[in-house]
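Structure assessment
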Amino acid sequence: MDDTSAVFPRKIHWESQGTSRIPFMAYTEADQHRQELERFFYRKHWSYVGLEAEIPQVGDFKRTVVGERSVIMVRDAEDSISVVENVCAHRGMQFCRERHGNRKDGGFTCPYHQWNYTLTGDLQGVPFRRGVKQDGKVNGGMPADFKTADHGLNKLKVARRGGVVFASFDPEVESLEDFMGPEILGYFDRLFNGRKLTILGYNRQRIPGNWKLMQENIKDPYHPGLLHTWFVTFGLWRADNKSELKMDRHHRHAAMISTRGASGKADQVTQVSSFKESMKLNDDRFLDIVPEPWWGGPTAVMMTLFPSVILQQQVNSVSTRHIQPSGPGAFDFVWTHFGFEDDTEAMTQRRLRQANLFGPAGFVSADDGEVIELSQKGFEQKPFHRTLAELGGREVGDTDHMVTETLIRGMYEYWRKVMEA
């Protein structure tokens, strides 16, 4: 593997039919990245686009992405949501620049030539369509056979469940429920159980690493008790917690389920440099954890819906984390922190305090952004090499513990099948 005569291989090479040794080239190649976008984001998959609570009023919109294509999620009627591509049908301009706003009056207008669209993306206005009268004649105008109905915005297929909105460019995509599968759908419904959501705030960061690394990070229950001082010291997530790992039948989606154990010193799991026995909080309210009836036992469930989103419940902090690729070597990571309409003010404040663990400068998540950046640098430096994901063996399957990398192996089993690699 360290043969320097092939530092820059021409194509990706897997050592075996398994997925426990992942080539560094899986994270670095531009042509391969475009193929990933085509096969995972633009065909046969649902992508997360937002929460219904972000657009509560008719005309409210949110600009976001599916893969690397800019789209707009808009409430076009009281109980109807559309997702349209942010590309004008005239000359191809990305016409919407605001991240959030309201277009109840007038719909969407492209600033270049003022083509105007309804909230559902239908073309309704074309300046000078019938020409301009001058000196007794009509100059210009669109051809007689021009029809506005033929030139609307590209409309995506939309699915909604529990206040969460997904979209797909593929009109033949399977149902959202079939896409998730029954095991993962059960954990999705545990979090999004029909209660109305309220938006608490956003974090946004650019991470200089391949987008799949964030999927891997949340399919890796092994690292939190080693990398994250906060988790291992205060017992929120460490190897001796009661836990389960679940996957859908394709092994693309996963749920890591954990129940908080004791904090403080313990044999084996705290004999790591990240454990700080003397570390104390200046404000104990960060660990003011109140069990909620809907938890049903576990204190944390981290779900990865491949390819686009992570759904987080870490004690009282709940959020979505949207993965937005930007070439093979970077992605934007957008956190939407939320609560529930029936939360007390005390619970809302608790959720906000605990959100400090997460986000770009979070007590925990700052570590993840840094290790992903440094991993990407390693991949680009040594593209002929490979990672080793063999903790817990080389097979793929659900487990009742977190001392394993099986979820990562499962994801790449699916990746190899779809990418034909």
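Residues numbered from 1 in each chain as written. Predicted model: local features only at pLDDT ≥ 70, side-chain atom pairs only at ≥ 80, totals over all residues. Heavy atoms only, no water.

1. Structural notes on the pattern of salt bridges
Formally: Take a side-chain nitrogen of Lys or Arg and a carboxyl oxygen of Asp or Glu: if they are within 4 Å of each other, that pair is a salt bridge. What counts as a helix is a DSSP run of H or I of at least four residues, what counts as a strand is a run of E of at least two, and both are numbered from the N terminus. Residue burial is assigned from relative accessible area. The probe radius is 1.4 Å, only protein chains are included, and a residue is buried under 20% of its type maximum, exposed over 50%, and partly exposed in between.
Enumeration according to the criterion identifies 26 salt bridges in this entry. Between E390 and R21 there is a salt bridge; the shortest N-O distance is 2.8 Å. Taken together, the positions of E390 in the loop between helix 8 (365-381) and helix 9 (406-419) and R21 in the segment before helix 1 (30-41) put the pair 369 residues apart, joining distant regions of the chain. Classification of R21 by relative accessible area gives partly exposed; the value is 26%. When salt bridges that share partners are traced, they join E15, R21, R386, E390 and R394 into one network.

2. A word on the UniProt feature "domain: Rieske" (unreviewed entry) in the chain
Rule in force here: UniProt positions are given in the numbering used here, feature names are shortened, and annotations may be inferred rather than shown by experiment.
Per the UniProt record, "domain: Rieske" (unreviewed entry) is annotated on residues 46-134. Taken as a whole, residues 46-134 contains 0% helix and 45% strand, while its terminal C-alpha atoms sit 51 Å from one another.

3. With respect to the side chain of T348
Worth spelling out the cut-off: Whether two residues are in contact is decided by their heavy atoms, any of which lying within 4.5 Å being enough.
Structurally, T348 is set in helix 7 (residues 345-354). If sequence neighbours within four positions are ignored, T348 has contacts with L200 and D343.

4. Structural notes on the sheet that holds strand 18 (residues 317-325)
Put simply, the rule reads: Following DSSP output, two strands are said to pair if at least two bridges run between them. Lines are fitted to the C-alpha atoms to define the axes, a helix being fitted only along its stretch in contact, and any angle between axes, read from their N-to-C directions, falls within 0 to 180 degrees.
Within the open sheet, the seven strands sit side by side as 13-19-18-17-16-15-14. Their pairing is antiparallel. One side of each edge strand has no neighbouring strand; the edge strands of this open sheet are strand 13 (197-207) and strand 14 (242-247). Across this sheet, the average inter-strand angle for adjacent strands is 15°, counted without regard to direction.

5. Some details on the packing of aromatic side chains
Aromatic ring pairs are reported here in terms of the distance separating the ring centres and the angle at which the planes meet. Definition in use: By convention, a stacked pair of Phe, Tyr or Trp rings (six-membered ring in the case of Trp) has centres within 6.5 Å and planes under 30 degrees apart, an edge-to-face pair has planes over 60 apart, and any other such pair is tilted.
Counted according to the given criterion, the structure contains 25 aromatic pairs. Each ring, one from F40 and one from F306, has its centre 5.1 Å from the other, and the planes form 85°; the classification is edge-to-face. In this pair, F40 sits in helix 1 while F306 sits in the loop between strand 16 (300-305) and strand 17 (309-314), placing the two residues 266 residues apart along the sequence. For the pair shown, F40 and F306 are each scored as buried.

6. Quick word on the domain arrangement of the chain
Heads up, the condition is: Note that the domain bounds reflect an automated or database-derived domain assignment. Once two parts are brought into contact, the accessible area they lose, counted with a 1.4 Å probe and summed over both, makes up the buried area. A 3.5 Å cut-off defines polar contacts: any pair of N or O atoms within that distance qualifies, except that in protein one atom must be a possible hydrogen donor and the other a possible acceptor, and neighbouring residues in sequence count only when both atoms are side-chain atoms.
Per the domain assignment, the segments of the chain are domain 1 (47-158) and domain 2 (180-420). The straight-line distance from the C-alpha centre of domain 1 to that of domain 2 is 37 Å. Contacts between the two partners involve eleven residues from domain 1, matched on the other side by 15 residues from domain 2. Among the residues of domain 1 in contact with domain 2, Y48, L51 and E68 are the three that bury the most area, contributing 46% of the side total. One can count zero salt bridges joining domain 1 with domain 2. Summed over the shared surface of domain 1 and domain 2, the result is five residue pairs in polar contact (both at pLDDT 80 or more). At the level of secondary structure, the elements contributing two or more residues to the side of domain 1 that touches domain 2 comprise strand 1 (47-51) and strand 2 (60-66). Here the side of domain 1 that touches domain 2 gets three residues from one element, more than from any other, and that element is strand 1.

7. Let's talk about the side chain of T387
Tracing the backbone through its elements, the reader meets T387 in the loop between helix 8 and helix 9. Apart from the residues lying within four places of it in its own chain, the contact partners of T387 are S20, R21, I22, F24, Y27 and F379.

8. So, the pairing of strand 1
Of all five residues in strand 1, five are buried, a share of seventy percent or more. Examined bridge by bridge, strand 1 and strand 12 (residues 164-168) share four bridges and lie antiparallel to one another. Residue G50 lies in a different strand from strand 12, and its bridge partner there is V165.

9. Description of the sheet that holds strand 1
Strands pair in a sheet through their backbones, by hydrogen bonds, and they do so in one of two ways: parallel or antiparallel. Reading across from one edge, 1-12-11 is the order of the three strands in this open sheet, with antiparallel pairing throughout. Where the open sheet ends on each side, the last strands, each with one partner, are strand 1 and strand 11 (157-161). Each strand axis lies, on average, 30° off the axis of its neighbour in the sheet, ignoring direction. As paired elements, strand 11 and strand 12 share five bridges and run antiparallel to each other. The residue bridging K157 from the neighbouring strand is S168, located in strand 12.

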